[in-house]
Amino acid sequence: MYCPKCEKNIPDERLDEINKRLQEQFNKDSLSKGLCPVCGTKLLAPKKKAGK
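Going along each chain's sequence as written, the residues are numbered from 1 onward. A pLDDT threshold of at least 70 governs which residues receive local features in this predicted model, and a stricter bar of 80 or more applies before side-chain atom pairs are shown or counted, although totals over entire chains, interfaces and linings include all residues. To get the side-chain values, take all heavy atoms of the structure and skip hydrogens and water.

Moving on, we come to the overall build of the chain. Counting secondary structure elements, the chain contains 1 helix and 2 strands. The order of helices and strands in the chain, counted from the N terminus, is β-β-α. The principal-axis extent of the C-alpha atoms belonging to the chain is close to 40 × 20 × 15 Å. Only heavy atoms matter for contacts: two residues are in contact if any of them lie within 4.5 Å across the pair. Nonlocal contacts in the chain, meaning residues at least 24 apart in sequence, comprise 40% of its contacts between residues at least 6 apart. Each accessible area value is a Shrake-Rupley result obtained with a 1.4 Å probe; residue values ignore everything except the protein chains displayed when judging cover. About 4,400 Å² of surface is accessible on the chain, with carbon and sulfur atoms providing 51% of the total. The convention is simple: Lys and Arg are positive, Asp and Glu are negative, and His and the chain ends are not counted. The location of each charge is read from NZ of Lys, CZ of Arg, CG of Asp or CD of Glu. Between the mean site of the 12 positive side-chain charges and the mean site of the 7 negative ones, the chain shows a separation of 6 Å. Here a strand is any run of E in DSSP of at least two residues, a helix any run of H or I of at least four, and the numbering for each starts at the N terminus.

Written as structure tokens, this is what we have:
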């Protein structure tokens, strides 16, 4: 997932781990809603490359 405002990537394989940590430590579930946990901008899914 990618935040266009923060210009940061969140690896798809770590989404569950990061979301769980955010919920436990900060009571935030923004990742499960598809929002950046830092700025609240809607996250973009990376485009799949042809042939992969």
